Amino acid sequence: MEKFLKGLNRFEEGLCGVLLLGLACLTFVETFLRYTVSYSFSWFQEFANYTLIFSTYLGASIGVKYGMHFSMEAVTEYTPDRISHLLKTIAYFISGLAVILFIYFGIRHIQSIIKFGVKSPSMQIPMYIPYLAIPLFSITISFRFFVLSYKHFKKFLNNEPYLKVRKKETH
Amino acid sequence: MNLTILFLCFFILLSLSIPIAIALVSTTAIYLFFIAKIPLTSLIQQLFNGLDNFVLLGVPFFILAGNIMAEGAISERLVNVMKLFVGRFTGGLAMASIMACIFFAAISGSSPATVIAIGSIMMPALIKEGYDERFSIGLLTSSGSLGILIPPSIPMILYALVMNISVAEIFMAGFLPGFFIGMCLMIYSFIMARKYGWYSKTTYTLKEGIKIIKDGIWAMFLPILVLGGIYGGVFTPTEAAAVSVVYALFIELFVYKELKINKLLNICRDSAILSGCLLFILSCAMTFIWLLTVEQLPQKLAEIIISHVESKWVFLLGINFALLIIGALMDIVTAVIVISPVLVETLTRYDINFVHFGIIMIINIECGFLTPPFGLNLFVSMAIMRKTLVEVARAVLPFIALFIGCLLAITYLPKISLLLPELLLKR
């Protein structure tokens, strides 16, 4: 299980990097062709937008693991360490719950798109495919929020020190 | 009444230290569900639509291009060229740093990337030449923030998106304010250098000079390619971003040959995660903005502000003041993204140009990047200069004062921002 999760993590991180680089190169090729031989792919912009949405949610999900989502730390900065941990536990728990909304209503929305058979304007693919990114990565986002919440809860129980922003040394 | 509940809810969530993106979207969800009674599937639709825009693709591309250049050899070659030109004057090395920042700002769209690129090279050099350590830290940390004022700029793309204006136009408006702040920084450095006798003894032979320029020419060509391409009508800002990624890759891999493939993959991964987090906030912020617009907050706010504040200059002063405080409390880019669209109606009534207002917002973001405890540049400097937050923050103080002075000048002289777009872009 451990090995599987590690592999999945590495795949996720590799995928988001490669997607970004690939998309940049593709955009370059498209621009070059359009300028030189005035040829442009009709599907390109739509494809690029959907890939961007996919990689945004993927990147956001990995970002939770590295604690890269900004939050306002004004309160946790000045409360005692134990209370800061408790606040963080609650904050991440609520975040996890909030993202579950994305999963539930994302699936509901996709169901209704499938029912109406909506297709994308230029690529003519079923519209639920690009929408899949939201509920799919919300699963990992909310899972990671719950993990963070659990970690802070453990530190709260063990009364461990809280790493405050203004005391952080070089990282 | 409803709006009061909305904001109360938002601030409670925010002060619990919930990530800003989640706080924004949760507030929207709570409001939709309990008060507006709109099905929450529309929330998913807004999350999706907020990102479904070709302009946004420029954000990850500019982040990627900036990171490639910051890690690679381009920044070093640029610094060498600047040293060759102004290094011999009093305070020359400090001026060379500022000019390198301006130049680097013209090829990257991010402030932290500029600090990494120029700061990590110039910091040891300045100390070696006998510059005061505190001055050097302050200088490099603050002049790096020119990265977002001189085009291309990532926050400008986000602002242009939420305010519905042209990216090319606000890019163009950033030039003169950027040079203006750069000049002020240079004058300040010159005064300090004269006072303490900081000057360089390095001289170059003609042969060395030619080699440095030859080495640097690839890096120097990039701004011409990117900005020339945009304003020559060859490509859009988004495509320019892709072009600069490919060009940066090309010279790092095939001309300077110092970038390893392994490192490149790491850079790609880091850039993708960073832009993922940034655009995730945008996606969530767009749902909040959508809700505020549906509830007609911009109109209501405009009524209140106009009836209390007579002059638009007082209004602008108030906004600047408020943002300086907000910048010390939360991530300033998000704050600007959310606040600007809410003020659309007010700006229209006061007859304030959206582009000019955008430039004011960008300089506020720069100040926010420099103010503790959450200024991004401070953290970058802490990491590359091995100092604590308190030391860096103290070093930056005089420069914040200088930035605030420039901010006021640019606020009250709209021409500084609007001259170039008016001259060059008006059809």
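The shown structure was predicted, so the numbers you read here are calculated from the model rather than taken from an experiment.

Visitor: Could you give an account of the overall build of chain A, with specific residues and numbers?
Guide: Within chain A one finds six helices and zero strands. The linear arrangement of helices and strands in chain A, starting from the amino end, is α-α-α-α-α-α. Dimensions of chain A along its principal axes, counting C-alpha atoms only, are 65 × 40 × 35 Å. Considering chain A as a whole, with its 171 residues, one finds that 44% of them fall into the buried category. At a minimum sequence separation of 6, the contacts of chain A that also span at least 24 residues come to 77%. Carbon and sulfur atoms form 68% of the exposed surface of chain A, whose accessible area is close to 9300 Å². When the 18 positive and 10 negative side-chain charges of chain A are each reduced to one mean point, those points stand 5 Å apart.

Visitor: Give me the lowdown on helix H8 (residues 133–143) of chain B, citing residues and values where you can.
Guide: Residues and elements named next belong to chain B. Most of H8 sits inside the fold, with nine of its eleven residues counted as buried. Considered for burial, the residues of H8 that qualify are Phe135, Ser136, Ile137, Gly138, Leu139, Leu140, Thr141, Ser142 and Ser143. Elements that come into contact with the buried residues of H8 comprise helix H6 (92–105), helix H7 (111–128), helix H10 (167–196), helix H18 (354–370), helix H19 (376–385) and helix H20 (389–412).

Visitor: Before we move on, can you summarise the packing of aromatic side chains with the specific residues and values?
Guide: Per the stated rule, a full pass over the model turns up 31 aromatic pairs over all chains. Centre to centre, the rings of Tyr50(A) and Phe48(B) are 5.9 Å apart; their planes meet at 40°, and the pair counts as tilted. Residue Tyr50(A) is found in helix H2 (residues 44–65), and its partner Phe48(B) is found in helix H3 (residues 41–51); the two belong to separate chains. Taken as a pair, Tyr50(A) and Phe48(B) share a single burial class, namely buried. The ring of Tyr256(B) has Arg77(B) lying over it, and the distance from NZ or CZ to the ring centre is 4.3 Å. Taking the ring centre of Trp313(B) as reference, the NZ or CZ of Lys312(B) above it sits at 5.1 Å.

Visitor: Go over the confidence of the model for chain B, please, and point to the residues and values.
Guide: When pLDDT is averaged along chain B, the result is 90, and 100% of the positions lie at 70 or above. Note on the complex model: pTM 0.92, ipTM 0.93.

Visitor: How would you explain the interface of chain A and chain B if you had to name every residue and give the values?
Guide: Listed per partner, the contact involves 63 residues of chain A and 61 residues of chain B. With both chains or domains summed, chain A and chain B bury close to 5800 Å², and 80% of this area falls on carbon and sulfur atoms. Of all residues in chain A, the largest losses of buried area upon contact with chain B belong to Leu20(A), Phe70(A) and Met72(A), amounting jointly to 13% of the total for that side. For the pair chain A and chain B, the number of links is two salt bridges. We note a salt bridge from Arg269(B) to Glu13(A), for which the minimum N-O separation is 3.2 Å. The tally of links from chain A across to chain B stands at eight residue pairs in polar contact (both at pLDDT 80 or more). Listing elements by their share of the side of chain A that touches chain B, those giving two or more residues are helix H1 (2–37), H2, helix H3 (74–78), helix H4 (81–116), helix H5 (128–131) and helix H6 (133–158) of chain A.

Visitor: Before we move on, can you summarise the packing of helix H1 (residues 2–15) of chain B against helix H2 (residues 20–36) of chain B with the specific residues and values?
Guide: All names here are of chain B. With their axes 9 Å apart at the nearest point, H1 and H2 run at an angle of 145° to one another. Here H1 and H2 pass one another in a crossing that is right-handed. From H1, Asn2, Ile5, Leu6, Cys9, Phe10, Leu13 and Leu14 reach across to H2, where they touch Ile20, Ala23, Leu24, Ser26, Thr27, Ile30, Tyr31 and Ile35. Broken down by class, the residue content of the contact of H1 with H2 amounts to twelve nonpolar, three polar and no charged.

Visitor: Requested: an account of the pattern of salt bridges, with residues and values cited.
Guide: Residue and element names in this part refer to chain B. With the rule as written, the count across this model stands at 13 salt bridges over all chains. We note a salt bridge from Glu133 to Lys387, for which the minimum N-O separation is 3.0 Å. With Glu133 in helix H8 and Lys387 in the loop between H19 and H20, this residue pair connects regions lying 254 residues apart in the sequence. With a relative accessible area of 38%, Glu133 lands in the partly exposed category. Its relative accessible area of 16% is what places Lys387 among the buried residues.

The rules we used
Residues numbered from 1 in each chain as written. Chains lettered and ligands numbered in written order. Predicted model: local features only at pLDDT ≥ 70, side-chain atom pairs only at ≥ 80, totals over all residues. Heavy atoms only, no water. Helix = DSSP H or I, 4+ residues; strand = E, 2+ residues; numbered from the N terminus. Buried < 20%, exposed > 50% of the residue type's maximum accessible area, 1.4 Å probe, protein only. Contact = heavy atoms within 4.5 Å. Areas by Shrake-Rupley, 256 points an atom, 1.4 Å probe, with all protein chains shown as cover. Lys, Arg positive; Asp, Glu negative; His and termini not counted. Charge placed at Lys NZ, Arg CZ, Asp CG, Glu CD. Phe/Tyr/Trp six-rings, centres within 6.5 Å; stacked < 30°, edge-to-face > 60°. Lys NZ or Arg CZ within 6 Å of the ring centre and 35° of its normal. pLDDT = per-residue confidence, 0-100. Buried area = accessible area lost by both parts, 1.4 Å probe. Salt bridge = Lys/Arg side-chain N within 4 Å of Asp/Glu carboxyl O. Polar contact = N/O pair within 3.5 Å; in protein donor to acceptor, adjacent residues only side chain to side chain. Axes fitted to C-alpha atoms, helices over the stretch in contact; angles between N-to-C directions. Left-handed = near helix turned anticlockwise from the far one by under 90°. Nonpolar A, V, L, I, M, F, W, Y, C, P; charged D, E, K, R; others polar.

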